[in-house]
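Notes for the structure review
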Amino acid sequence: MERALALLAAGEVVAIPTETVYGLAGDATNGEAVARIFEAKGRPRFNPLIAHVASMAMAETIAEFDPLSRRLTEAFWPGPLTLVLPHRATSGIHPLVTAGLDTIALRMPRGFGAQLIARLGRPLAAPSANSSGKISATSARAVEGDLGGRIQLVVDGGPTQVGLESTIVKADERGLHLLRPGGISAEEIEAIAGTKLLRNDKAGIEAPGMMLSHYAPGAAMRLNVSAVEPGEALLGFGQRRAAGAADAVAFLNLSETGDPREAASNLFSHMQALDRSGAKTIAVEPVPHAGLGEAINDRLARAAAPRDS
Ligand code: TXA
Ligand code: MG
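In this report, we go over the structure that sits alongside the text. Since the structure is predicted, the reported quantities are computational estimates derived from the model, not experimental observations.

Glancing now at the sheet that holds strand β3 (residues 50-52). The strand order β1-β2-β6-β3-β5-β4-β7-β8-β9 describes an open sheet built from 9 strands, whose pairing is mixed. Each having just a single partner strand, β1 (14-16) and β9 (198-199) make up the two edges of the open sheet.

Shown next, in the form of structure tokens:
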């Protein structure tokens, strides 16, 4: 517990047991910590992560609860249920956790995870502790074998009780959507909700293509630019500037030193800030593809894709 707290406070990531599967946890309010999660997992894309909380008071500062979602928390929290809810702008959660969405996935785990979050006093972002494309780890040994060389601490809490990821649901005007089946059955949820779960109706972000419309800024995006055109804002990377940079409507640098981790942590907030500058187009300097650069370029390509698809 003490080692995990010290590492998390320093912006490092730690593998922790939860009742579902092991999680790769980082301080959800620290962009570099969240970037480290993606780096350690080798995820080629910035999927939104679940924010884990230790109390309803903490959850209420992060998201807005409708009556049905609140009833589900009373029945199932702490436990293997994740709720997708409207995200409060004042939550302090770093935008890399939600991948720039205006909703957030929240869950209150049982056991060690909950104690750790309460002690830290901050929410933890934690996807399953496996490298991208591998199955979720349900023992510390499995985490160690997969990610051991890339992270400093795996907390061994024995085999996980549930062994499956949490069930993810989202309430909206149309009803209660099942976004991912998991550790709590649909029937158990339906019994509390008093309604059938809606399935496969695209309320979530199941398919990568769906991310396009969700993730697009208002401005058009022009990638890999070597020169800025009149009226454009500029999103930079590193020390070499595109020609005409001084005339850009607005300029922000993802990372002055060319550090991919810093660039990842700045990506969503910088895109949003340049979008607010009112420029019709955001020109983006080239970002190298190595390491986290792959996910950064994936995200930029989605933002630049045609909008009405
Ligand atoms: O049991 C679990 O849920 C484990 C443990 C560690 O808590 N965590 C986990 O996280 O499975 P991860 O990152 O592997 O899965 C998160 C899922 C993804 O499928 C993601 O698309 C979805 O949550 N998600 C996150 N935010 C979302 C949002 N705003 N809207 C819809 N889906 C969201
Ligand atoms: Mg996973």
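Next comes the rest of the write-up.
Looking at ligand 1, there are 22 residues lining it, with T20, H52, T103, S166 and R180 nearest. Within the side chain of R107, an N or O atom sits 3.0 Å from an oxygen atom of ligand 1. One of the side-chain N or O atoms of S128 is found 3.4 Å from an oxygen atom in ligand 1. About the coverage of ligand 1: the protein hides 90% of its 680 Å² of free accessible area. Ranked by residues supplied to the shell around ligand 1, first place goes to strand β5 (residues 103-107) with 3 residues. Each residue belonging to the shell around ligand 1 can be placed in one class, and the counts come to 12 nonpolar, 6 polar and 4 charged.

Along the chain, I62 turns up in helix α3 (residues 56-62). As for I62 and A51, which are separated by 11 residues in sequence, their C-alpha atoms are 9.2 Å apart. Excluding its chain neighbours within four sequence positions, the residues that come into contact with I62 are V53, P86, H87, R88, S91, I93, I104, L106 and P123.

On to the sheet that holds strand β10 (residues 220-222), then. The 4 strands are arranged β10-β13-β11-β12 in an open sheet whose pairing can be described as parallel. One side of each edge strand has no neighbouring strand; the edge strands of this open sheet are β10 and β12 (251-253). Recorded for the sheet is a direction-independent mean angle of 20° between the axes of neighbouring strands. When strand β11 (residues 233-236) meets β12, the two strands line up parallel, connected through 3 bridges. In the sheet register, L235 faces β12, and the bridge partner there is L252. With respect to the sheet, helix α10 (residues 260-276) is in contact with β10, β11, β12 and β13 (281-284), its orientation differing from that of β12 by roughly 180°.

With that out of the way, let us pick up the pairing of strand β8 (residues 175-180). On a regular strand, each side chain points to the face opposite its neighbour's, so the side chains alternate between the two faces of the sheet. Where strand β7 (residues 167-172) and β8 come together, 5 bridges link them in antiparallel fashion. Within the sheet, the bridge partner assigned to I168 lies in β8 and is R180. Hairpin remark: β7 followed by β8, antiparallel, with 2 residues in the connecting loop. When β8 meets β9, the two strands line up parallel, connected through 2 bridges. Its bridge partner lying in β9, L178 is registered against R199.

Thresholds, definitions, all that
- Residues numbered from 1 in each chain as written.
- Chains lettered and ligands numbered in written order.
- Predicted model: local features only at pLDDT ≥ 70, side-chain atom pairs only at ≥ 80, totals over all residues.
- Heavy atoms only, no water.
- Pairing = 2+ DSSP bridges.
- Helix = DSSP H or I, 4+ residues; strand = E, 2+ residues; numbered from the N terminus.
- Near = heavy atom within 4 Å.
- Polar contact = N/O pair within 3.5 Å; in protein donor to acceptor, adjacent residues only side chain to side chain.
- Areas by Shrake-Rupley, 256 points an atom, 1.4 Å probe, with all protein chains shown as cover.
- Nonpolar A, V, L, I, M, F, W, Y, C, P; charged D, E, K, R; others polar.
- Contact = heavy atoms within 4.5 Å.
- Axes fitted to C-alpha atoms, helices over the stretch in contact; angles between N-to-C directions.

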